[in-house]
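Report on the structure
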Amino acid sequence: LGTAIKIVRKQKGVSQKELASLCGLAINTLCSIERCYTMPSKATMKKISKALNIPPAYILFFSITDEDIAIDQKSLFDALCQPIKNVLLNDISKR
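Residues numbered from 1 in each chain as written. Predicted model: local features only at pLDDT ≥ 70, side-chain atom pairs only at ≥ 80, totals over all residues. Heavy atoms only, no water.

**Topic: the overall build of the chain**
- Of regular secondary structure, the chain possesses six helices and zero strands.
- Reading the chain from its N end, one meets helices and strands in the order α-α-α-α-α-α.
- For 95 residues, the compact-globule formula gives about 12 Å, and the C-alpha radius of gyration of the chain, at 14 Å, lands near that figure.
- Within the chain, buried positions represent 32% of all 95 residues.
- For the chain, long-range pairs separated by at least 24 residues make up 66% of all intrachain contacts whose partners lie at least 6 apart in sequence.
- Carbon together with sulfur atoms contributes 57% to the accessible area of the chain, which is approximately 6000 Å² in total. (Helix = DSSP H or I, 4+ residues; strand = E, 2+ residues; numbered from the N terminus. Rg over C-alpha atoms; globule rule 2.2 N^0.38 Å. Buried < 20%, exposed > 50% of the residue type's maximum accessible area, 1.4 Å probe, protein only. Contact = heavy atoms within 4.5 Å. Areas by Shrake-Rupley, 256 points an atom, 1.4 Å probe, with all protein chains shown as cover.)

**Observations regarding the packing of aromatic side chains**
- Within this structure, the stated rule accounts for one aromatic pair.
- Relative to phenylalanine 62, the ring of phenylalanine 61 has its centre 6.1 Å away and its plane inclined at 80 degrees; by these criteria the two rings are edge-to-face. (Phe/Tyr/Trp six-rings, centres within 6.5 Å; stacked < 30°, edge-to-face > 60°.)

**With respect to the environment of lysine 6**
- Structurally, lysine 6 can be placed in helix H1 (residues 2-12).
- Separated by 28 residues in the primary sequence, lysine 6 and glutamate 34 have C-alpha atoms spaced 5.8 Å apart.

**A look at the pattern of salt bridges**
- For the structure on display, the rule yields four salt bridges.
- Taking the shortest distance from any N to any O, the salt bridge between lysine 74 and aspartate 66 comes out at 3.6 Å.
- Residue aspartate 91 pairs with arginine 95 through a salt bridge whose shortest N-O separation is 2.8 Å.
- Exposure remark for aspartate 91: the relative accessible area of 23% places this residue in the partly exposed category. (Salt bridge = Lys/Arg side-chain N within 4 Å of Asp/Glu carboxyl O.)

These results come straight from atomic positions and should not be treated as a statement about function.
The following block contains the structure:
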């Protein structure tokens, strides 16, 4: 989730310091989450999504890796993943 949060945060042009402040988190906490040292709680995920003005599902989608996909579904995922990411990134930029 941390890498996904970082991707979305950067797409929105928000600094770690700004996002931490908007979420009521210590900068070290957000940094730890983005580096995948710490797993954010559900409440923290809601705060981050709200601060970035995006649905939590966007962050969850960006956190999906190849290891999460069943082998028999991998070709479908590979075909759809980038187009969906492009749509989401475009939407994120507009929010």
